[in-house]
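# Reading the structure
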Amino acid sequence: MPHEALVYEIRRFNRFYTGLVGLLDETLIQSPFTLTEARVLFELARRPRPTSGEPGFLARMFHLDLAPVASELAGELRLAPAYLMRVLRKFTAMGLAEMRAGPEGGPLVLSLTVRGKAALAALEVATNRDLARLIAKLSDDETLALSDALNRVTRLLETARM
């Protein structure tokens, strides 16, 4: 298959899938979060983010202490650091994320609060419910075929990326 045709097929699938699961909606699964914000919540829960040290008064007041975290995470997620900084500031203002003392007196870390963990848990429950509805009518053979196809696509694209 020519590469141009494969590019077309991938883009067609992306349009189909994003519409199917509602990724183009302004917020994800009728939540207050966009897809990007939901991913940032997930990443903060997965691994607390260390900062560069104890911020001063002005840094705390203007949330400038989030800059190193935003820069690192933005690189991982391929987002503009300024955009990610706005997301992180929003999360701290909403009480979803906070700066805490690091393990064994190490540098401060940005991590989810109890409220942030609850928001993420609610998102995950809703996502799992919606995906379960999506595949509910598939037979056992079809679910295995879908799982195999998803794993194969992931392997192929990871190999192509290297």
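Right above here is the structure, for reference.
Residues numbered from 1 in each chain as written. Predicted model: local features only at pLDDT ≥ 70, side-chain atom pairs only at ≥ 80, totals over all residues. Heavy atoms only, no water.

### Focus on the overall build of the chain
- Within the chain one finds 7 helices and 3 strands.
- For the chain, the sequential pattern of α-helices and β-strands runs α-α-β-α-α-α-β-β-α-α.
- Relative to its full complement of 162 residues, the chain shows a buried share of 26%.
- Residue pairs at least 24 apart in sequence account for 52% of intrachain contacts in the chain once pairs closer than 6 positions are excluded. (Helix = DSSP H or I, 4+ residues; strand = E, 2+ residues; numbered from the N terminus. Buried < 20%, exposed > 50% of the residue type's maximum accessible area, 1.4 Å probe, protein only. Contact = heavy atoms within 4.5 Å.)

### Thoughts on unusual backbone geometry
- Phi at Arg 78 is positive, roughly 60 degrees, even though this residue is not glycine.
- Take Arg 78: it is sitting in the loop between α4 (67-77) and α5 (81-93).

### A look at a nonpolar patch on the surface
- Together, Phe 13, Phe 16, Tyr 17, Leu 20, Leu 131, Leu 134, Ile 135, Leu 138, Leu 146 and Leu 150 make up a nonpolar patch on the protein surface, roughly 830 Å² of accessible area in all.
- Along the chain, Phe 13 falls in helix α1 (residues 3-20). (Patch = residues over 30% accessible without salt bridge, like charges linked within 9 Å, V, L, I, M, F, W, Y side chains within 5 Å. Areas by Shrake-Rupley, 256 points an atom, 1.4 Å probe, with all protein chains shown as cover. Salt bridge = Lys/Arg side-chain N within 4 Å of Asp/Glu carboxyl O.)

### Thoughts on the packing of helix α2 (residues 35-46) against α5
- Interaxial distance between α2 and α5 falls to 11 Å at its minimum, and their mutual angle equals 70 degrees. In terms of orientation, α2 lies roughly perpendicular with respect to α5. Packed against α2, whose contacting residues are Thr 36, Glu 37, Val 40, Leu 41 and Leu 44, the element α5 presents Tyr 83, Leu 84, Val 87, Leu 88, Lys 90 and Phe 91 at the interface.
- Of the residues in the contact of α2 with α5, the class split is 8 nonpolar, 1 polar and 2 charged. (Axes fitted to C-alpha atoms, helices over the stretch in contact; angles between N-to-C directions. Parallel < 35°, antiparallel > 145°, perpendicular 65-115°, else oblique. Nonpolar A, V, L, I, M, F, W, Y, C, P; charged D, E, K, R; others polar.)

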